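A closer look at the structure
Residue strings, one per chain:
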Amino acid sequence: MEQNKNNLKVGLRIDVDTLRGTIKGVPTLCSILKRNNIKATFYFSVGPDNMGRNLWRLLKPTFLIKMLRSNASNLYGWDIIFKGTFWPGPIIGKNKKAIAAIKLAYEDGHEIGLHAWDHHGWQANIEKWKPERIYRELQKAYSMLKKITGSTPSCSAAPGWRSTDETLLQKDKFNFKHNSDCRGEGIFVPTVNDEKLKTPQIPQYFPTYDELIGTNGINDENYNEHIIELITKSKSNSVFTIHAEVEGIVCSKMFDKFLNKTEKQNISFLPLKDILPTNIIETNKIILKEIPGREGTIACKSG
Ligand SMILES: [Zn+2]
């Protein structure tokens, strides 16, 4: 049968941006993944949840269109949209239910990565922050995750693919086995000022739900088929990203169906550490670019 020819291996990255996503989305995703016998990489944000500020900062026409297109209040919930807007955001890593959810992902055997201390702060300010500030933010999240799981996070992924040469340099001071800070296809070793860094980059390749939905006739009925088609056309070892706030809450049934379909098509999902080759030959740089469906500039693999 044609569908069994695929044998594609795809890295499954799960971004957890908010308190709601951690408490509600992570346990749901853990049970879906367990039922489908899949291990993934979870990237946790553990500092203040100020994600509501994203809405107000980004009140620009393109963002408003995106909010209407994706029905954001339904997608994220009003509590996320307003979080940190009128009152200081709660510290995710100090919330008992959030701690339990992070431990659950760890104990289920998923790879645990660092996403952010303050997701919103990083996304909004990364180009302005001094090297010391970037290091401090990473260090705070690193320590908090270590305290929660009893183990150091083995990798990291920049919030919203917002990264610069300076963030790559600061991250290289941690002993991460791999980082996923940019968009593009193909794993590479990044260079900054012609110097090779030690931590490889595993770029995110496929578009995310909020980037696609409502564009080119893509809706909840045909979204799974669309992603499967993109995966079957891709090379092996590409990365697919989901969000605890989306696939773990409002789209969890759709995601469960997606995994049933991909299994029949011989597509397997793995934690990012398991798609990392032992010998990475390619070196490349990251550059800042605009991409469809996303606000502002984001880091992309050059060339
Ligand atoms: Zn994120």
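Below you will find a few notes about this structure.

Definitions and limits used
- Residues numbered from 1 in each chain as written.
- Predicted model: local features only at pLDDT ≥ 70, side-chain atom pairs only at ≥ 80, totals over all residues.
- Heavy atoms only, no water.
- Pairing = 2+ DSSP bridges.
- Helix = DSSP H or I, 4+ residues; strand = E, 2+ residues; numbered from the N terminus.
- Core = buried A, V, L, I, M, F, W, Y, C linked by side-chain atoms within 4.5 Å.
- Buried < 20%, exposed > 50% of the residue type's maximum accessible area, 1.4 Å probe, protein only.
- Contact = heavy atoms within 4.5 Å.
- Axes fitted to C-alpha atoms, helices over the stretch in contact; angles between N-to-C directions.
- Parallel < 35°, antiparallel > 145°, perpendicular 65-115°, else oblique.
- Donors = N, O, S within 2.8 Å, 3.2 Å for Na, K, Ca; no water.
- Salt bridge = Lys/Arg side-chain N within 4 Å of Asp/Glu carboxyl O.
- Arc of directions from axis to C-beta.
- Phe/Tyr/Trp six-rings, centres within 6.5 Å; stacked < 30°, edge-to-face > 60°.
- Lys NZ or Arg CZ within 6 Å of the ring centre and 35° of its normal.

1. Examining the sheet that holds strand β6 (residues 189–192)
Taken in spatial order, the 3 strands line up as β7-β6-β10 in an open sheet, and their pairing is mixed. Two strands lie at the open edges of the sheet, namely β7 (195–196) and β10 (283–284), each paired on one side alone.

2. As for the nonpolar core
Grouped together as the largest cluster of nonpolar side chains are 54 residues, with contacts concentrated most on F42, F44, F240 and F269. Considering every element that reaches this core, the biggest residue donor is helix α8 (residues 131–149), with 7 residues. The residues contacting F240, other than those within four sequence positions of it, are V10, G11, L12, R13, Q204, F206, P207, Y223, I227, F258 and F269. Residues I187, V189, V239 and L272 belong to the second largest nonpolar core, which totals 11 residues.

3. Re the packing of helix α6 (residues 96–107) against α8
The contact between α6 and α8 brings their axes to 9 Å, and the two run at 75°. On the basis of their axis angle, the class for α6 and α8 is roughly perpendicular. When α6 is examined against α8, the residues I99, I102, K103 and Y106 are found in contact with a partner set consisting of L145, I148 and T149.

4. Structural notes on the coordination of the zinc ion
Within the first shell, the zinc ion binds the protein through D17 (OD), H115 (NE2) and H119 (NE2), at distances of 2.1 to 2.2 Å. Counting gaps between the donor residues of the zinc ion yields the pattern D-x97-H-x3-H. Taken together, the residues span a long stretch of sequence, with D17 in the loop between β1 (8–16) and α1 (19–35) and H115 in strand β3 (residues 111–116) at a distance of 98 residues. Taken individually, D17 and H115 each receive the classification buried, so the pair is uniform in this respect.

5. A word on the pattern of salt bridges
Side-chain pairs of opposite charge can arise where the charged atoms are in close proximity. Counted under the stated rule, the structure contains 11 salt bridges. Two residues, E137 and R133, come together in a salt bridge whose shortest N-O distance is 3.1 Å. Taken together, the positions of E137 and R133, both in helix α8 and 4 residues apart, correspond to about one turn of that helix. Among the residues examined, E137 registers a relative accessible area of 4% and is labelled buried. Judged by its relative accessible area of 31%, R133 is partly exposed. One salt bridge in this structure joins E282 and K301, with 3.1 Å as the shortest N-O distance. In this pair, E282 sits in the loop between β9 (267–270) and β10 while K301 sits in strand β12 (residues 298–301), placing the two residues 19 residues apart along the sequence. On the basis of relative accessibility, which here comes to 31%, the residue E282 falls in the partly exposed class.

6. A few points about the pairing of strand β8 (residues 238–243)
With respect to burial, β8 is a largely interior element, 6 of its 6 residues being buried. Covered by surrounding structure in β8 are S238, F240 and I242 together with V239, T241 and H243, the residues of both alternating faces. Both β1 and β8 contribute to a ladder of 6 bridges, which runs parallel. Directly across from G11, in β8, lies its bridge partner V239.

7. Digging into helix α11 (residues 223–233)
Structural remark: α-helix, 3.6 residues per turn; residues separated by three or four positions point the same way. Taken residue by residue, α11 has Y223, N224, I227, I228 and I231 as its buried positions. Down the axis, α11 shows its buried residues gathered within 130° of arc, on one side only.

8. Section: the packing of aromatic side chains
Scanning all chains against the criterion turns up 13 aromatic pairs. Ring centres of F240 and F269 lie 6.5 Å apart, and the angle between their planes is 45°; on these two criteria the pair is classed as tilted. Placement of the pair is F240 in strand β8 and F269 in strand β9, with a sequence separation of 29 residues. When its relative accessible area of 5% is taken as the criterion, F269 is described as buried. Judged by centre distance (5.8 Å) and plane angle (45°), the ring pair of F258 and F269 falls under tilted. Remark: F269 occurs in strand β9 and F258 occurs in helix α13 (residues 252–264); sequence separation between them is 11 residues. Feature note: the residues Y205, F206, F240, F255, F258 and F269 constitute an aromatic cluster, connected by ring pairs. A cation over a ring is seen here: R13 above Y43, with NZ or CZ 5.3 Å from the ring centre.

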